[in-house]
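A closer look at the structure
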Amino acid sequence: MSAVYDRLVDLLVDRFEVDRAAVGPDVVFADLDVDSLFLVELLLVAQSEFAGAELAEDLVAPSDTIGRAAELIERRLTTAASP
């Protein structure tokens, strides 16, 4: 996976106390028993972690996978870095 994915997993494990063994690129957030509020918090933390990326509150849904979330964040980072 990507560096963004790795950092996102670290955030989930270190800041939100998600079991690392339960995390994988194909794991759906809903399978981790997280809700929309959790995802808003995650995106707020990720926004400060990934400086330069504006992450809308609804960028990721409980039905998205962790891998998909990393892809979406990476796209935002790429867009923010473009002149």
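Right, let's walk through the structure included here. (Residues numbered from 1 in each chain as written. Predicted model: local features only at pLDDT ≥ 70, side-chain atom pairs only at ≥ 80, totals over all residues. Heavy atoms only, no water.)

**Observations concerning the pattern of salt bridges**
Here is the rule we go by: One side-chain nitrogen of Lys or Arg within 4 Å of one carboxyl oxygen of Asp or Glu is enough to make a salt bridge. Numbering of helices and strands runs from the N terminus, with a helix taken as a DSSP run of H or I at least four residues long and a strand as a DSSP run of E at least two residues long. Under the scheme applied here, a residue whose accessible area is under 20% of the maximum for its type counts as buried, over 50% as exposed, and between as partly exposed, the area being computed with a 1.4 Å probe on protein chains only.
Per the counting criterion, the structure on display carries three salt bridges. Between Glu-49 and Arg-7 there is a salt bridge, with the nearest N and O atoms lying 3.7 Å from each other. Of the two residues, Glu-49 is situated in helix α2 (residues 36-49) and Arg-7 in helix α1 (residues 3-15); the sequence distance between them amounts to 42 residues. A residue is classified by how much of its surface remains accessible, and Glu-49, at 33% relative accessible area, is partly exposed. A salt bridge links Arg-20 to Asp-10, with the shortest nitrogen-to-oxygen separation between them at 3.2 Å. On the criterion of sequence distance, the pair formed by Arg-20 in the loop between α1 and α2 and Asp-10 in helix α1 is long-range, its members being 10 residues apart. Residue classification places Arg-20 among the partly exposed residues on the basis of a relative accessible area of 43%.

**Topic: α1**
Selection rule: By definition here, a helix of n residues has an expected span of 1.5 Å times n minus one. Polar contact is defined as a pair of N or O atoms within 3.5 Å, subject to the rule that within protein one atom must be able to donate a hydrogen and the other to accept it, and that residues adjacent in sequence are counted only when both atoms are side-chain atoms.
In a regular helix each residue adds 1.5 Å, so 13 residues correspond to 18 Å; α1 covers 17 Å between its end C-alpha atoms and thus fits that length. For α1, the complete set of buried residues consists of Val-4, Tyr-5, Leu-8, Val-9, Leu-11, Leu-12 and Val-13. By the N-cap criterion, in which a side-chain oxygen at the helix start approaches the backbone nitrogen of a residue two or three places on, α1 is capped by Ser-2, the distance to Val-4 being 3.4 Å. Glu-17 sits one or two residues past α1 and shows a positive phi near 55 degrees.

**What about unusual backbone geometry?**
Of all residues except glycine, most have a negative phi; of all peptide bonds, most are trans. Non-glycine residue Glu-17 carries a positive phi angle of around 55 degrees. Take Glu-17: it is sitting in the loop between α1 and α2. With a phi close to 60 degrees, Asp-33 is a non-glycine residue in the positive phi region. Along the chain, the position of Asp-33 falls in the loop between α1 and α2.

**Here we look at the environment of Leu-8**
Threshold: The contact criterion used is simple: two residues touch if any of their non-hydrogen atoms lie within 4.5 Å.
Relative to the helices and strands, Leu-8 is located in helix α1. Leu-8 sits in the buried class, given a relative accessible area of 1%. Along the backbone, Leu-8 and Leu-43 are 35 residues apart, and their C-alpha atoms lie at a distance of 9.7 Å. For Leu-8, the residues in contact, after removing those within four places along its chain, are Leu-42, Phe-50, Ile-66, Ala-69, Ala-70 and Ile-73.

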